[in-house]
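One letter stands for each residue in the lines below.
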Amino acid sequence: MLPLPATLSVLLPLSPKDMRRQAFDYLPPAGPVQQPSAGALVEVPFGKKLMQGVVLGEGTGDVLPAKLRRIEAVLPLPPLPPGQLKFIDWVAKYTLSSPGAILRMLFAGAALPASPAPVTLYARAGAVPAARMTAARQKVWDSLAGERKLTAPALREASGAAQSVIAGMAKTGLLKTIQQAVDAAPAQPDADHDAPQLTAQQQIAADALAADVREKRHTITLLDGVTGAGKTEVYCEAIAACLRAGRQALVLMPEIALTTAMLGRFTDRFGAPPVEWHSALTEKQRRDNWWAIFNGKAPLVVGARSALFLPYRDLGLIVVDEEHDQSYKQEEGVIYNARDMAVVRGKQENFPVVLSSATPSLETWLNARAGKYAHQRLPDRYGGAAMPAIELIDIRKHKLPSQSWLSPPLVDRLRQTIAAGKQAMLFLNRRGYAPLTLCRACGYRLQCPNCSAWLVQHRHSDRLQCHHCGHHAVLPKHCPSCEAEGRFAACGPGVERVAEEVANLLPEARFAVMASDVINSPKDIRAVIARMEKGELDLLIGTQIMAKGYHFPGLAVVGVIDADLGLAGGDPRAAERTFQLLQQVAGRSGRAETPGIALVQTAQPEHPVMQALKENDRDKFLLAEQTEREAYRLPPFTRLAAFIISCPDARGADSFASMLARTAPQLPGLSVLGPAPAPISLLRGKHRRRLLLRCAQGTNIQGLIRDWLGNLKIPANIKLQVDIDPYSFM
């Protein structure tokens, strides 16, 4: 019997919604071609179309060769490194996702980004009789002297001729066109371009990080410095060591706004802008940057969480800036925490990972205290600047006028600050004008038709909007419930309403609003930052996008409008998250010679979070948080997995959630909490229920869940999401 032909397993970048096997057996390509090995990028038939995928290795042999289809082509590209394949497999198993969905993130979509299109160059076609030349043609001809080749825009600029003249010369044979591949290599950073003068504390930390990079040691280091300590300058020395070694460095940022703000600092330090990766890039920018990363021509990449999955040729360092930030947790599709996955990628590929923060997460802080992570401390601000004083304003004792949100002490301090030529910042973590609009006649509240959420009023766009599903509408003239006309009232403040109050109380103040629905492009963000840096603004009013990473030397006062906002709702991480955010906001002030102060408006000044802020005692707060989490058996002292059930029908959601709870594994130390309606019980027209599975640290929670769900039949109208180690409980 003749031996069966070898088969190859090919992983395809299918949608996260498609939970089929996603790796399929194919016959090798026909003809005398070199057979693809693991990591090779190939094109295969799938259904009625061709798809690009990656070879994992030998096929399973589960399907007879006669029934298999053949690999159409091996793409003329370098194979993915083995570490990349290992990382895809690990993330898929940890998050209970399909490997194809992880590959889809690597491809930045359903397929490899198209290669940069070749450009058309113009050159002389040879000798030409002078009789065929006009004055305009002669200028074009002279601009292409010798062997010079120019694109049409460059040739128009060099000669001053119109495009029609150039096209006419090409048509009559005076010029020839040449198709040339684009070299998309970005400007290359220089490790030694503008090295800063570090303090003794900074130098110790920088030397340790750089040594880990040079010696290719896998270490995880918490770079723990107060706001304004110069953490960026320290980890830039690790980046410089990575560049000198000829390897790629990745800096993860939690938000586009922060990524944009940091680009100038990296450009100043290394003499060239880093390669960006975030959702605000154009399609062309994404394509060019993807290929630069894939080809190893992007030594320094700065991006949001998805940048972690890009196809680096030789990654030598990952820095996770603001490591505590919850924006690193992806909540849709493949649910993962980029900070944790960065630690895993560093371990698998044997390079250091730096976790940088002034307010580290409890998990990271405990790992550093236990010696699992290295711990580099920067307890002092750069240049001898003092930490800002923090004052609590008990709004129960200050009678605020109706529809007013700024207390008299805060307004007085703002006036004094602006009069002295200094800058101030007002923080409220709530977008829009008002979070609720109700009818004063009957109490009816304008609510999203698709979600269990109120519609937020936005005055700048003159509409009501749901911040969960995007539904928007104009404010009706009549109440839908009682038909009363003109009786709607805006309740509560958003940043737009605070800005309105500032305009009334401080008409002389030059201010801007910085929130994601007002400033929604990197260009707009850069413009506001530049105005603050140049002293063209007296006051910046905004949400959490301005709370971290910015350095405004003239900023003297920070005012927090509603410090209690994040403490409600029963979220186990609410206290930690609120403390981190408020300390980061307060830390924007007093970062140079100007002393800083933060005025925090609160109705709970006795709350442990507020007292820790006032005393500027982060570690005291974290120790208290550690004690409380341990007492209530919450992470990091136990493990959680969340199950989110969505269904168009409320009964269907309830029925499946109850069945899921009844069939849960019965094991010592394992408990099921719920089911219960999710805090947002209706989202995009789907009814939502939640369960939590809690077990001891060290439990193979993924294995338990695979066995549990593997025996269940999930109805077609039910969507079940599993979130390992949840951060959000909405």
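Please refer to the structure placed before this passage.
Notes on the structure follow. Residue numbers here run from 1 along each chain, matching the order of that chain's written sequence. Predicted model: local features are reported for residues with pLDDT of at least 70 only, side-chain atom pairs are reported and counted for 80 or more only, and whole-chain, interface and lining totals are derived from all residues. Side-chain measures here rest on the full set of heavy atoms in the structure, leaving out hydrogens and waters.

We now examine unusual backbone geometry. Omega for the peptide link from Pro-635 to Pro-636 comes to 10 degrees, which places this bond in the cis form. Residue Lys-216 is not a glycine yet carries a positive backbone phi of 55 degrees. Helix and strand assignments follow DSSP, with helices taken as H or I runs no shorter than four residues and strands as E runs no shorter than two, numbered in order from the N terminus. Within the secondary structure, Lys-216 sits in the loop between helix H6 (200–214) and strand S9 (220–225). Residue classification places Lys-216 among the partly exposed positions, given a relative accessible area of 44%. Residue Asn-350 is not a glycine yet carries a positive backbone phi of 60 degrees. For Asn-350, the position within the fold is in the loop between helix H10 (338–349) and strand S16 (353–357). The buried label applies to any residue whose accessible area, calculated with a 1.4 Å probe on protein chains only, is under 20% of its type's maximum; exposed applies above 50%, and partly exposed to all values in between.

Before going further, it helps to spend a moment on H6. One fewer than the residue count of a helix, multiplied by 1.5 Å, yields its expected span. In a regular helix each residue adds 1.5 Å, so 15 residues correspond to 21 Å; H6 covers 21 Å between its end C-alpha atoms and thus fits that length. Regarding H6, the residues found buried are Gln-202, Ala-205, Ala-206, Leu-209, Ala-210, Ala-211, Asp-212 and Val-213. Here, residues are in contact when the closest pair of their heavy atoms is within 4.5 Å. At its buried positions, H6 is contacted by S9, helix H7 (231–244), strand S13 (315–321), S16 and strand S17 (374–378). Once H6 ends, the next one or two residues include Lys-216, with phi positive near 55 degrees.

Next up on the list: the packing of aromatic side chains. Pairing of aromatic rings covers Phe, Tyr and Trp, the last counted by its six-membered ring, and requires centre-to-centre distances within 6.5 Å; plane angles under 30 degrees mean stacked, over 60 mean edge-to-face, and any other angle means tilted. Scanning all chains against the criterion turns up 10 aromatic pairs. Judged by centre distance (4.9 Å) and plane angle (10 degrees), the ring pair of Trp-90 and Tyr-94 falls under stacked. With Trp-90 and Tyr-94 both in helix H1 (residues 82–95), this residue pair falls four residues apart, about one helical turn. The partly exposed category is assigned to Trp-90, whose relative accessible area is 31%. For Tyr-94, a relative accessible area of 22% translates into the label partly exposed.

A word on the pattern of salt bridges. What counts as a salt bridge is simple: a side-chain nitrogen of Lys or Arg found within 4 Å of a carboxyl oxygen of Asp or Glu. Under the defined criterion, the tally for this structure stands at 27 salt bridges. Between Arg-339 and Glu-323 there is a salt bridge, with the nearest N and O atoms lying 3.2 Å from each other. With a gap of 16 residues between them, Arg-339 in helix H10 and Glu-323 in the loop between S13 and strand S14 (329–330) connect regions that are remote in the sequence. Owing to a relative accessible area of 5%, Arg-339 belongs among the buried residues under this scheme. A relative accessible area of 1% places Glu-323 in the buried class. In this structure, Glu-500 and Arg-459 form a salt bridge, with 3.8 Å as the shortest nitrogen-oxygen distance. Here Glu-500 is found in helix H13 (residues 495–505), whereas its partner Arg-459 is found in the loop between strand S21 (456–458) and strand S22 (463–465), with 41 residues between them in sequence. A relative accessible area of 37% means that Glu-500 is categorised as partly exposed.

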